[in-house]
Every structure is written in structure tokens, then in C-alpha cells.
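Residue-level structural notes
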Amino acid sequence: REKDDKCKTWMPRFLMAKEDKDQRKSSDDVERSLFRVKKSNAEKSKKMEKEEKFFRETFMYDKEIKVISRATAECSVPRERRVDLPVTAGEQLDVIDVTEGNAVICRNSEGRYGYVLVEHLNFR
């Protein structure tokens, strides 16, 4: 019995049972799918950097971008001006900065920035 246990630890892969090979293949597939996710995250972060650069140029915003609070859009609002952020009902937004008047600068989940009126937001 002890000899069988010792043989299994050093046994080459080509002598392993077929079930063991199938299990190994499935674990390799999982690792490969993780790499795909990381690749899409890299593309997403590149897009977010591009949006942030556009935001800084358009709004002449030189402060550090910090999330003050989170808000949910109560209703869908289309874009009226170039600097406005179009929102849909129920969308989660990060409030970046408070401006004079009744608008705040927000960021949506896609990384886009723009003004949103306070009356369209629900702060929890």
C-alpha cells in the first residue's frame, strides 16, 4: 500500500489515468479564461484614461479626481449640451465635484464625465 502511494507522486503525466488528464485540462481552461478577463480590463482602463484626459481638457479640471459620494439617477435624461452627462434611470454615478448652481460633476460606470442636475439624482 505504501509503495502505491509513493508511485503516484512521481509518476509521469503520460502514465496518469484518463480522468486525471481531464481534470488537468479543465483547470488549464479556467486559467486561460482569467487571462482574457485581464486583457479586457486593460482595454477598459485605457479607455478610462482617454475619457479622463478628455474630461480634464474640456472642463479645465486640474484637481485630483476623488469620489465625494455615490448617487442613483432617478430618471433618464438625454444630453442637452456637450458637457452634460446622459443618464438612464437607476444608473449608479460617482459624484466627483460640486459646482455653483444646481449641477454636479459625475462619472458613470463607463468612465464618462459630465454635469448632472441635482434634481435628477438620489443620494443615499
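Below is a short write-up of the structure. (Residues numbered from 1 in each chain as written. Predicted model: local features only at pLDDT ≥ 70, side-chain atom pairs only at ≥ 80, totals over all residues. Heavy atoms only, no water.)

A word on the environment of F55
Stated precisely, the cut-off is as follows: Only runs of H or I of at least four residues qualify as helices and only runs of E of at least two qualify as strands under DSSP, and these elements are numbered from the N terminus. In this analysis, two residues are considered to be in contact whenever any of their non-hydrogen atoms come within 4.5 Å of each other.
Take F55: it is sitting in helix 2 (residues 18-59). Along the primary structure F55 and R112 are separated by 57 residues, whereas in three dimensions their C-alpha atoms are 7.9 Å apart. Those residues within four positions of F55 in sequence are excluded, and the remaining contacts are M60, Y61, I65, I105 and Y113.

Brief notes about the pairing of strand 1 (residues 69-73)
To be explicit about the condition: Whether two strands pair comes down to DSSP finding at least two bridges between them.
One ladder, built from four bridges, connects strand 1 with strand 2 (residues 92-98); its direction is antiparallel. Residue pairing in the sheet places T72 in a bridge with Q92 of strand 2. The pairing of strand 1 with strand 5 (residues 121-123) spans three bridges and is classified as antiparallel. What sits directly across from A73, in strand 5, is L121.

Considering the sheet that holds strand 1
Note the threshold: With axes taken as lines fitted to C-alpha atoms, and helix axes fitted only over the stretch in contact, angles between N-to-C directions fall between 0 and 180 degrees.
Within the open sheet, the five strands sit side by side as 4-3-2-1-5. Their pairing is antiparallel. Since the sheet does not close on itself, it has two edges, and those belong to strand 4 (113-117) and strand 5, each with one partner. Pairwise comparison of adjacent strand axes, ignoring direction, gives a mean angle of 50° for this sheet.

Some words on the packing of aromatic side chains
To be explicit about the condition: Each Phe, Tyr or Trp ring, with Trp reduced to its six-membered ring, pairs with another whose centre is within 6.5 Å; inter-plane angles below 30 degrees give stacked pairs, above 60 give edge-to-face pairs, and intermediate values give tilted ones. Accessibility here uses a 1.4 Å probe with only protein chains present; expressed as a share of the type maximum, an area under 20% marks a residue as buried, one over 50% as exposed, and anything in between as partly exposed.
Throughout the structure, instances matching the rule amount to four aromatic pairs. Note on F55 and Y61: the rings are 5.1 Å apart at their centroids and 45° apart in plane angle, and the pair reads as tilted. Ring centres 4.3 Å apart and planes at 20° place the aromatic pair F55 and Y113 in the stacked group. Placement of F55 in helix 2 and of Y113 in strand 4 is noted, with a sequence separation of 58 residues between them. The pair F55 / Y113 is uniform in exposure class, with both members buried. Pairwise contacts between aromatic rings join F55, F59, Y61, Y113 and Y115 into one cluster.

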